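Chain by chain, the residues:
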Amino acid sequence: MSNPNDLMNADTLGYANPSRPGMQWYRVKFWSRRYWWIVALLTMVGLGAVDAIILTATPKYISYARMMGNGRVNTPAGELYDSGLQLMNFLPTQVELMRSPSTVNQAIDQVATLHPEVTPDPDAYVDATLGLRAAIFEIHVTSADPDYSKLLLDAVMDTYLDTKRQLKKRMTGEDEAAIMENISRYDSAIHDDEQQLVEFQKSNSVVGIEEQSTSAANYLVSLTQELARTQKDYDYLALVDKDPLANKVPDSSPTANPGVGSVIDTGPGEAAQNASNNASTGAAPTNAFVQNTLIINEQQNKVDKLKIERAQFAIYLKDAHPKMKDLQDQIDQEEKFLTVLKSRNTSDRDQRLEELRLAIKNLQDQIAAWNARSLDLSDRLGSYQELKSKLARDQSTYNQFSANIPSFDLNKSMDQDDVVILEAASRGIPVKHNYFVWLAGGAAAGLALGVMIICGLVMLDDKINSPLDIEDHFDFPLLGEIPLAKLDRKTRRVPLLHEDDERFEFLEHHRDIRSSIFFGASEATRARSLVITSAAPGEGKSTMAANLAATFAFSGINVLLIDADLRRGIQHQIFGVPIKPGLSNYLMGEVPWKEVVRETKVPNLHLLPRGKIMTRVGDLLLTAACDYLIQESLMEYDMVLWDTAPLFAAHDAADLCSRVEGILFLARVRHSSINLVRAALGDLTHRNAKVAGIVLNAVKAGQPGYYSKYRYKEYSSSTA
């Protein structure tokens, strides 16, 4: 039974869960038990059809022959010619050629021409296969005439060999023509290439171009290196401080320049002469600057030494002393010379920077000019090499085509085949059929068709088969199940329950439904005023309403059963009371409702029959009298059950659904359609009806989801 907490939303209706595998298997078993004869009939039809085909079939005869691949052929020169049998696609290609429509049609025409006395067989079948580990072709022909099968097989092999020879000759001739055409074309191309090469050599000295290109490249390298050195010197002089005394003198002494000696212990005149020589000879700027810096530093050292010496004499000599005056004069003279050296060094540095700048510009111009000249030489040399390469390629292709000419003479001289006949065609022998295999195939085909039909019925089956279908397809709770009961032979209805009823399981399931309503988890389930309805007629709604009302009465409460099916209500027949006056008479205002209520043979159970048949029943259930009956009946009785017409038969239940406390919906196994029930529940939901749950009728023991009352009879009759 479904959990009441799983009640579906009022705005949605649909499948709650996918169908379970067990439910699908139950459907298959159900349809198999019902329509097993379809499978048996189709199996017998398959056996009969195969038997008829075998007995009425025209006898067939088959002829066999074998051919062998001979990949190597002796040539007139005593050499071996390999036909390419080792290629992977050679043997399958031969098989397709043997059984091709062109070969077969030519063979049929050949038999008709050479053997007019033999009747042609339009149904003759030709096939060829290849051996697994050998180059052996097995060819067979199947025909209704044994002589014709042999003749046709011989003709197929002859036609195949003739076709191969013709293809070889035609392909050889076409290939030879193509080769000769290519030889002529490349011969003309070689002549043109040679002419272009001669013309180029007339206007250009190839040797001179190569030498000039090499010289230009080497000269460009030297210019580039010289530019790099000059740029390096320029950058160095531009970065150093103009004051020589502020610059760090490198460890590499000026001895790097030839002819420049040590400047230590040299006088002012000699130092000036060395600086002048360096400037005039264009020594490297780095070494010249180092040399000038050393000279200036040496001069500064002399001045510092003189000042130290004067300071030492000043300790015990006065400034007017001749010795002090001589030292002061010498210091002044050396400082003046130091100033001259610094001034000359700055001038020489600026002049050298300008010379280096001009030298850099000159080198850049020369590099650009020689680079353009080198490119021109490279282009001319490249043109020459391209002409030589084209001539060599054309000459090589020409030689390859020329080398293929002897092979065509070889192909023309060969008169052997690379596939030969190993075994001639045998006379046709009868084709034996495996009778049991054919019968098994026919039975399997009939069985498969029957199973497909059963599976199709299962897929198209829309009926409710078991309680699991309610749980799988709907979100409303399953309040209970009513087992399938026997009908009374006279009334053709299920007899009404009574307190001492021996249908223990049938009674117990009604008590389960009563308990679900008494102790339900929702207000709709615990309703005291319930409308009992279904989707379509014939689902046992009225019988279930009567038995459920009796079950409520057995518990000691006052129950009123109202037959609201004003068209075809049968509650008066079930309880054996007069049909009128009844509900329709009350709704018409003819009598009060309490006067038409009947007592039944079941204690605590009263019945309000439907009354006389009316033409406008739907209008009567919408009157104020009906609302008054709904309210007054709940004041007089503990439980009120309304038995209404099916939803899709009339709108009576739809008119009452939103005015009572709950709806009890009935569905029947193998009678109710899932889609129809879904539509009915959806209609109730859209009318704001409170569906208490679903009751499933006519459930058989053994169906998925059905729990029978096991040995309930022995349990209920046991004594303490």
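Worth saying up front: this structure is predicted, and the values here are computed from it rather than measured. (Residues numbered from 1 in each chain as written. Predicted model: local features only at pLDDT ≥ 70, side-chain atom pairs only at ≥ 80, totals over all residues. Heavy atoms only, no water.)

1. Considerations on the overall build of the protein
Then step 1. The secondary structure content of the protein amounts to 21 helices and 15 strands.
Then step 2. Counting across all 720 residues of the protein, residues that qualify as buried make up 43%.
Then step 3. Surface accessibility of the protein: about 39300 Å² in total, with carbon and sulfur atoms responsible for 55%. (Helix = DSSP H or I, 4+ residues; strand = E, 2+ residues; numbered from the N terminus. Buried < 20%, exposed > 50% of the residue type's maximum accessible area, 1.4 Å probe, protein only. Areas by Shrake-Rupley, 256 points an atom, 1.4 Å probe, with all protein chains shown as cover.)

2. Brief notes about the packing of aromatic side chains
Then step 1. All chains considered together, the criterion is met by five aromatic pairs.
Then step 2. Between F518 and F519, the ring centres sit 6.3 Å apart and the planes meet at 75°, which makes this aromatic pair edge-to-face.
Then step 3. Residue class for F518 comes out partly exposed when judged on its relative accessible area of 31%.
Then step 4. When its relative accessible area of 68% is taken as the criterion, F519 is described as exposed.
Then step 5. Centroid distance F518 to F552: 5.2 Å. Interplanar angle 70°. Geometry classified as edge-to-face. Residue F518 is located in helix 13 (residues 504-518), and its partner F552 is located in helix 14 (residues 541-554); the two are separated by 34 residues in the primary sequence.
Then step 6. Given the relative accessible area of 0%, F552 is considered buried.
Then step 7. Taken together, the ring pairs connect F518, F519 and F552 into an aromatic cluster. (Phe/Tyr/Trp six-rings, centres within 6.5 Å; stacked < 30°, edge-to-face > 60°.)

3. Re the pairing of strand 1 (residues 61-69)
Then step 1. In the sheet, strand 1 pairs with strand 7 (residues 429-430) via two bridges, with the strands oriented antiparallel. When the bridges of strand 7 are listed, I62 appears paired with I429.
Then step 2. Of the strand pairs in this sheet, strand 1 and strand 5 (residues 136-143) are connected by eight bridges, and their pairing is antiparallel. Directly across from A65, in strand 5, lies its bridge partner I139.
Then step 3. Bridging between strand 1 and strand 6 (residues 419-423) involves four bridges; their strand directions are antiparallel. Its bridge partner being in strand 6, G69 is matched across the sheet by V419. (Pairing = 2+ DSSP bridges.)

4. Notes on the pattern of salt bridges
Then step 1. According to the stated counting rule, one finds 21 salt bridges in the structure shown.
Then step 2. A salt bridge links K541 to D643, with the nearest nitrogen and oxygen atoms 2.8 Å apart. Taken together, the residues K541 in helix 14 and D643 in strand 13 (residues 639-643) connect sequence positions 102 residues apart.
Then step 3. In this structure D643 comes out as buried when scored by relative accessible area, which is 0%. (Salt bridge = Lys/Arg side-chain N within 4 Å of Asp/Glu carboxyl O.)

5. Regarding the confidence of the model for the protein
Then step 1. Mean pLDDT over the protein stands at 78; residues scoring 70 or higher make up 79%.
Then step 2. Mean pLDDT values over the elements of the protein span from 41, in helix 7 (residues 268-281), up to 96, in strand 12 (residues 605-608).
Then step 3. For the stretch residues 251-284, pLDDT sits under 50, and the model shows 41 contacts to residues farther than four places along the chain or on other chains.
Then step 4. Predicted confidence for residues 709-713 stays below pLDDT 50, and this span has nine contacts to residues more than four positions away or in other chains. (pLDDT = per-residue confidence, 0-100. Contact = heavy atoms within 4.5 Å.)

6. Quick notes on the packing of helix 2 (residues 36-56) against helix 11 (residues 435-460)
Then step 1. Where helix 2 contacts helix 11, the axes come no closer than 7 Å and their chain directions differ by 150°. Crossing of helix 2 over helix 11 shows right-handed handedness. Contacts between helix 2 and helix 11 involve I38, V39, L42, T43, G46, L47, V50, D51, I53 and I54 from the first element and Y435, W438, L439, G442, A443, G446, L447, L449, G450, V451, I453 and I454 from the second.
Then step 2. Across the contact of helix 2 with helix 11, the residue classes break down as 16 nonpolar, five polar and one charged. (Axes fitted to C-alpha atoms, helices over the stretch in contact; angles between N-to-C directions. Left-handed = near helix turned anticlockwise from the far one by under 90°. Nonpolar A, V, L, I, M, F, W, Y, C, P; charged D, E, K, R; others polar.)

7. Some words on the pairing of strand 15 (residues 691-699)
Along a regular strand, successive side chains alternate from one face of the sheet to the other.
Then step 1. Counting buried positions over the nine residues of strand 15 gives nine, a clear majority of the element.
Then step 2. Bridge count between strand 14 (residues 662-668) and strand 15: six bridges; the pairing is parallel. For A667, the partnering residue across the bridge sits in strand 15 and is L696.
Then step 3. In terms of handedness, the path from strand 14 via helix 20 (residues 674-686) over to strand 15 forms a crossover that is right-handed. (Right-handed = clockwise from strand over helix to strand, strands pointing away.)

8. Looking at unusual backbone geometry
Then step 1. Going from K580 to P581, the amide bond is cis rather than trans, its omega being 5°.
Then step 2. Inspection of the secondary structure puts P581 in the loop between helix 15 (571-575) and helix 16 (583-587).
Then step 3. Backbone geometry places R670, a non-glycine residue, at a positive phi of 60°.
Then step 4. Summarising the element assignment, R670 is placed in the loop between strand 14 and helix 20.

9. Topic: the nonpolar core
Then step 1. The biggest cluster of nonpolar side chains holds 49 residues, and the ones touching the most others in it are L583, W642, F665, L681 and L684.
Then step 2. Considering each element in turn, this core owes the most residues, five residues, to helix 20.
Then step 3. Excluding residues that lie within four positions of it along the chain, F665 makes contacts with T533, S534, A535, L647, V677, A680, L681, L684, G693, I694 and V695.
Then step 4. Ranked by size, the runner-up nonpolar core spans 36 residues in total, among them L479, V494, L530 and I574. (Core = buried A, V, L, I, M, F, W, Y, C linked by side-chain atoms within 4.5 Å.)

10. Details of the environment of L41
Then step 1. Following the sequence through the fold, L41 ends up in helix 2.
Then step 2. In the structure, L41 is positioned 409 residues away from G450 in sequence and 8.3 Å away in space, judged by C-alpha atoms.

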